[in-house]
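# Chain and residue survey
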Amino acid sequence: MLFLVAALMLLGVVLGTVAHAPLTFTAVAAVVIAAWLGIFALRERHARRRTSAH
């Protein structure tokens, strides 16, 4: 999942509108998105374990 975020960020830097944004903004946005996806994945894993245990 983090590989996907990194690949999309690299693609955006090379081809997209992210190339026009400052690098610090791009890095912060990538970290925020990666954290959000990580939290979502942990919540989903926890929810699946809880429902499958009952």
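Residues numbered from 1 in each chain as written. Predicted model: local features only at pLDDT ≥ 70, side-chain atom pairs only at ≥ 80, totals over all residues. Heavy atoms only, no water.

By the naming in an unreviewed UniProt entry, the protein is Small hydrophobic membrane protein, taken from Streptomyces sviceus.

All right, on to the UniProt feature "transmembrane region" (unreviewed entry) in the protein then. UniProt tags residues 26–42 as "transmembrane region" (unreviewed entry). Its end C-alpha atoms 24 Å apart, residues 26–42 is made of 100% helix and 0% strand. (UniProt positions renumbered as here; feature names shortened; annotations may be inferred. Helix = DSSP H or I, 4+ residues; strand = E, 2+ residues; numbered from the N terminus.)

On the surface, a cluster of nonpolar side chains totalling about 770 Å² of accessible area is made up of Leu4, Leu8, Met9, Leu10, Leu11, Val13, Val14 and Leu15. Along the chain, Val13 falls in helix H1 (residues 2–15). (Patch = residues over 30% accessible without salt bridge, like charges linked within 9 Å, V, L, I, M, F, W, Y side chains within 5 Å. Areas by Shrake-Rupley, 256 points an atom, 1.4 Å probe, with all protein chains shown as cover. Salt bridge = Lys/Arg side-chain N within 4 Å of Asp/Glu carboxyl O.)

Let's shift gears to the environment of Ala34. Its place among the elements puts Ala34 in helix H2 (residues 23–53). In sequence terms Ala34 and Leu4 are 30 residues apart; their C-alpha atoms lie 9.5 Å from each other.

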